[in-house]
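Letter by letter, the chains look like this.
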Amino acid sequence: MSAVRRGAAGAVLLLLVGWGAVPLARAQAVAPPAALESNVLLEGEQRFRPQWSARGLVAAQEPLASAAGAAILRQGGNAVDGAVATAFALAVTLPQAGNLGGGGFLLLWLPGPSPARQRGCLVEASGGNPAAGPELAIGGGTAVAVNFRETAPAAATATMFLGPDGQVDRARATRSLLSTAVPGSVAGLALAQRCYGRLPLAQVMAPAIRLADQGFPVSRELSDSLAAAAPRLQADPVSRRLFLPPPVPGTRLRQGELAASLRRIAAEGERGFYTGPVADALVGAMERGGGLITHSDLRAYRAQLVRPLRREFRGHPVLTMPPPGGGLTLLQLLGILEPFDLAATGLNAAASLHPMAEAMNLAYRDRNALLGDPDQVPVPVERLLSPAHLDGLRRRIDPRRHTPAPALEAAAAREGTNTTHLSVADRQGGLAALTTTLNFPYGNGISVPGMGFLLNNEMDDFTALPGSANAFGLRQGTANAIAPGKRPLSSMAPTLVFRPDGRPWLATGSPGGSRIITTILQVLLNRMVHGLNLAGAVAAPRIHSQLWPERIDAEEGLSPDSRRLLEAMGHSVRRAPAMGAANSVEVLAEGGSLGTVDPRRAEGPAVAE
Ligand code: GLY
């Protein structure tokens with residue numbers, strides 16, 4: 001039996017696999033998850049119960065895509081198969097963020113010996129020296145990260161988005177073909193599948209192909225999202241034909257051209273995207289429309305296997321995405337906050353939120369000044385995570401007063417449904433956390449003629465002009481300047497947490513632009529420090545601060561008393577729209593796994609199959 005759980009606004013699903021998949025109340029009767037007994041459920045909030053499955057589950061932002069991943073788990077796929085199936089299905093059912101024309105990051109842990117060495121992947125990944133390879137042994141298994149962030153085309157230059165007045169031409173940086181970086185998703189998903197999956201790529205992609213071919217009923221969320229993006233999609237004749245007028249909810253959306261592109265990839269792997277008719281169409285569009293991506297850029301693109309960043313938090317190993325991902329900043333935040341007794345000061349209390357917000361400002365200052373693509377600029381990872389540096393940052397936090405941004409100097413955020421995160425647990429306890437994006441919702445709004453997919457505008461994640469804000473208000477430095485082949489800095493940070501004895505425990509991550517990192521931080525603190533169960537940890541109201549603009553953004557639910565106390569400490573507090581969508585899973589010590597979708601993006605009633 002599988003169960004579909006839906007909440008209140010937006011389309012989100014948690015899909016459970018196997019006969020053991022039942023809502024928690026029944027699961028307790030089947031196999032009492034002891035870990036939960038010591039955890040706090042938000043009082044009276046049945047909707048904040050995670051769900052349980054004996055045979056694995058997928059927590060993603062769109063129900064049909066989660067169902068695709070769950071079907072693959074049911075067919076004997078592992079967490080990687082499930083994640084890859086879900087990601088390809090999201091390219092069909094969640095075109096605002098799921099994609100073939102974007103990029104992302106995947107963090108995975110699988111039990112037992114790694115299959116990657118035997119499959120030749122480690123030699124490929126480490127330039128012939130497997131000893132210096134990307135895998136990290138932990139908990140009787142293997143963890144690795146897949147970097148499939150897009151790259152700047154060979155003809156890109158540091159000043160390509162500056163107008164004659166020396167200022168950033170925002171339209172060129174976000175809505176033109178120049179804004180598209182060489183897509184990484186297909187290479188990354190194919191690499192993960194080839195090196196760590198259990199099933200053939202064609203089998204894993206079959207549900208996505210079916211969804212594109214046969215169509216699916218358009219949700220209210222998709223219909224509304226297409227309507228909101230209509231002005232941008234309207235500007236491109238191909239996108240206009242594919243997506244407009246926005247189908248009314250319930251109408252079937254068939255995507256034959258996308259199905260054909262997916263079939264090519266299923267048959268040929270990444271070659272079916274980076275060479276042949278898909279590549280010809282993409283490069284043809286670039287040539288006609290003033291973009292930079294050439295056949296040689298596409299052929300040169302490589303997804304990478306990389307070693308996850310690791311740091312302990314209260315005895316728990318935390319593994320996350322290294323630069324150009326956002327994990328370094330997440331680990332800095334955990335390191336700065338570790339000595340604070342946040343459990344004693346309490347969830348949602350000003351005495352907890354003040355050091356959290358100040359730590360966020362300090363960590364974003366480092367991010368914006370010092371981080372970039374480590375393949376092209378020196379990134380002082382060890383120094384930034386060293387106890388000396390973290391102690392120094394912590395000492396800058398005045399326990400009574402907000403430190404004004406000019407005294408620290410350095411970066412703001414706008415939320416979009418531009419990115420999406422999924423987490424998968426398989427029946428062996430294998431975990432996958434995958435975040436993927438087109439940057440803006442529907443990327444730059446431009447689709448590849450005849451191929452059925454949209455292009456990213458990830459070039460805007462680079463620094464177009466040092467100190468000038470990008471779409472997320474981030475004012476970044478020269479370490480993230482545009483250069484050929486370079487990957488733009490990202491906030492995406494798929495993250496895995498292990499038990500102190502090394503066994504796998506949590507998989508999480510989030511969309512949300514610059515708010516990704518602070519969203520994940522709060523999910524982890526809520527679960528690990530405040531003792532909320534997984535669903536409560538994901539649902540609890542969140543704050544965000546990133547130095548510039550100088551304010552704390554707070555979701556609905558911040559206590560008025562905390563707000564007053566924070567303002568008395570010198571903080572400016574703004575009520576902000578919902579931040580992030582931290583779809584997460586947890587492996588239980590006694591077997592089975594829990595999962596939760598973020599109720600910020602949930603829709604409709606629960607459906608059980
Ligand atoms: N495109 C947003 C990010 O990668 O952080």
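Read on for an overview of the structure. (Residues numbered from 1 in each chain as written. Predicted model: local features only at pLDDT ≥ 70, side-chain atom pairs only at ≥ 80, totals over all residues. Heavy atoms only, no water.)

What follows is about the overall build of the chain. The secondary structure content of the chain amounts to 23 helices and 22 strands. When burial is assessed residue by residue, the chain has 64% of its 609 residues classed as buried. Looking at the chain as shown, the accessible area adds up to about 19,900 Å², and 55% of this sits on carbon and sulfur atoms. (Helix = DSSP H or I, 4+ residues; strand = E, 2+ residues; numbered from the N terminus. Buried < 20%, exposed > 50% of the residue type's maximum accessible area, 1.4 Å probe, protein only. Areas by Shrake-Rupley, 256 points an atom, 1.4 Å probe, with all protein chains shown as cover.)

Moving on, we come to the sheet that holds strand E18 (residues 552-554). The strands making up a sheet associate through backbone hydrogen bonding, with each pair oriented either parallel or antiparallel. Taken in spatial order, the 3 strands make up an open sheet running E17-E18-E19, and their pairing is mixed. Of all the strands in the sheet, just strand E17 (543-544) and strand E19 (573-575) have a single pairing partner and so form its edges. Bridge analysis of E18 against E19 gives 3 bridges, and the strand direction is parallel. If you follow Ile-552 over to E19, its bridge partner there is Val-573. (Pairing = 2+ DSSP bridges.)

It is worth spelling out the packing of aromatic side chains at this point. Enumeration according to the criterion identifies 5 aromatic pairs in this entry. Pairing Phe-273 with Phe-453 gives two aromatic rings, centres 5.4 Å apart and planes at 35°, and the pair type is tilted. Judged by relative accessible area, which is 3%, Phe-453 ranks as buried. Put simply, the rings of Phe-273, Tyr-274, Tyr-301 and Phe-453 pair up and form one aromatic cluster. (Phe/Tyr/Trp six-rings, centres within 6.5 Å; stacked < 30°, edge-to-face > 60°.)

A separate point is the packing of helix H4 (residues 79-93) against helix H8 (residues 201-214). H8 packs onto H4 with a crossing angle of 25° between their chain directions and a minimal axis gap of 8 Å. Of the possible angle classes, the one that applies to H4 and H8 is roughly parallel. Note that H4 runs across H8; the crossing there is right-handed. Between H4, through Asp-81, Val-84, Ala-85, Phe-88, Ala-89, Val-92 and Thr-93, and H8, the contact on the second element is made entirely by Leu-201, Val-204, Met-205, Ala-208, Leu-211 and Ala-212. Within the contact of H4 with H8, the residues separate by chemical class into 11 nonpolar, 1 polar and 1 charged. (Axes fitted to C-alpha atoms, helices over the stretch in contact; angles between N-to-C directions. Parallel < 35°, antiparallel > 145°, perpendicular 65-115°, else oblique. Left-handed = near helix turned anticlockwise from the far one by under 90°. Contact = heavy atoms within 4.5 Å. Nonpolar A, V, L, I, M, F, W, Y, C, P; charged D, E, K, R; others polar.)

We now examine the packing of helix H15 (residues 327-337) against helix H21 (residues 516-528). It is at 9 Å that the axes of H15 and H21 come closest, and there the two elements cross at 45°. Accordingly, the angle class assigned to the pair H15 and H21 is oblique. Relative to H21, H15 is oriented so that their crossing is right-handed. Counted together, Thr-329, Leu-330, Leu-333, Leu-334 and Leu-337 of H15 and Ile-517, Ile-520, Leu-521, Leu-524 and Leu-525 of H21 form the full contact between these two elements. Here the contact of H15 with H21 is composed, by residue class, of 9 nonpolar, 1 polar and no charged.

This brings us to helix H7 (residues 185-196). For H7, with 12 residues, the first-to-last C-alpha span of 16 Å sits near the 16 Å given by 1.5 Å per residue. For H7, a buried count of 11 out of 12 residues is recorded, marking the element as mostly surrounded by other parts of the structure. Residues of H7 that are buried include every one of Ser-185, Val-186, Ala-187, Gly-188, Leu-189, Ala-190, Leu-191, Ala-192, Gln-193, Cys-195 and Tyr-196, and no others. (Expected span 1.5 Å × (residues − 1).)

Now for the pattern of salt bridges. Scanning all chains against the criterion turns up 20 salt bridges. Where Asp-460 meets Arg-170, a salt bridge forms, and the shortest distance between an N and an O atom there is 2.9 Å. Beyond isolated ion pairs, a larger network of salt bridges with shared partners links Arg-515, Arg-551, Asp-553 and Arg-574. (Salt bridge = Lys/Arg side-chain N within 4 Å of Asp/Glu carboxyl O.)

Glancing now at the pairing of strand E11 (residues 309-313). Inspection of the sheet shows E11 paired to strand E12 (residues 316-320) by 5 bridges, in the antiparallel sense. Paired with Glu-312 across the strands is Pro-317, a residue of E12.

Here the focus is the state of the cysteines. Using the criterion set out here, one finds 1 disulfide in the structure. Through a disulfide, Cys-121 is tied to Cys-195; the S-S separation comes to 2.1 Å. Linking Cys-121 and Cys-195, the disulfide has an S-S dihedral of approximately -100° and is accordingly described as left-handed. Of the two residues, Cys-121 is situated in helix H5 (residues 121-125) and Cys-195 in helix H7; the sequence distance between them amounts to 74 residues. Taking the relative accessible area as the measure of exposure, Cys-121 reaches 2% and is therefore buried. Judged by relative accessible area, which is 0%, Cys-195 ranks as buried. (Disulfide = S-S within 2.5 Å.)

On to the site of the ligand, then. All residues in the neighbourhood of the ligand are listed as Arg-149, Asn-439, Glu-458, Asp-461, Phe-472, Ser-490, Ser-491 and Met-492. Here a nitrogen atom of the ligand and a side-chain polar atom of Glu-458 are 2.9 Å apart. For the ligand, an oxygen atom lies 2.7 Å from a polar atom in the side chain of Ser-490. When the free accessible area of the ligand is taken as 200 Å², the share hidden by the protein chains comes to 98%. (Near = heavy atom within 4 Å. Polar contact = N/O pair within 3.5 Å; in protein donor to acceptor, adjacent residues only side chain to side chain.)

Counting residues in each nonpolar core, the largest one holds 87 residues, and the members touching the most others are Phe-88, Leu-100, Tyr-196, Leu-262, Phe-273, Leu-305 and Phe-453. The element that contributes the greatest number of residues to this core is H4, accounting for 11 residues. Aside from chain neighbours lying at most four places away, what touches Tyr-196 is Asn-78, Val-80, Leu-108, Leu-110, Ser-114, Pro-115, Ala-116, Arg-119, Leu-122, Glu-135, Val-144 and Leu-305. Judged by nonpolar contacts, the second largest core, of 77 residues, contains Leu-390, Ile-516, Leu-524 and Ile-552. (Core = buried A, V, L, I, M, F, W, Y, C linked by side-chain atoms within 4.5 Å.)

A separate point is the sheet that holds strand E16 (residues 504-508). One open sheet accounts for 7 strands, arranged E3-E21-E20-E16-E15-E12-E11; its pairing is antiparallel. The open sheet is flanked by strand E3 (51-53) and E11, the only strands paired with a single partner. Ignoring strand direction, the axes of neighbouring strands in this sheet form an average angle of 20°. Strands in contact with H15 are E11, E12 and strand E15 (495-498); relative to E11, the strand with the most contacts, it is inclined by about 15°. The sheet strands contacting H21 are E11, E12, E15, E16 and strand E20 (584-587), and the helix crosses E16 at an angle near 145°.

Let us look at unusual backbone geometry. The omega torsion of the bond from Leu-244 to Pro-245 falls at -10°, within 30 degrees of zero and hence cis. Summarising the element assignment, Pro-245 is placed in the loop between helix H10 (237-243) and strand E9 (252-253). Here the bond from Trp-548 into Pro-549 is cis, since omega is -10°, no more than 30 degrees from zero. Locating Pro-549 in the fold gives a position in the loop between E17 and E18. Residue Asn-348 is not a glycine yet carries a positive backbone phi of 70°. With respect to the helices and strands, the residue Asn-348 is situated in the loop between helix H16 (342-345) and helix H17 (350-370). Residue classification places Asn-348 among the partly exposed positions, given a relative accessible area of 24%. Although it is not a glycine, Asn-439 adopts a positive phi angle of roughly 80°. Its relative accessible area of 2% is what places Asn-439 among the buried residues.

Now for the pairing of strand E21 (residues 593-596). Where burial is concerned, the two faces of E21 agree: the one with Ser-593 and Gly-595 and the one with Leu-594 and Thr-596 are both buried. Taken together, the 3 bridges between E3 and E21 define a ladder with antiparallel strand orientation. By the bridge assignment, Ser-53 is partnered in E21 with Ser-593.

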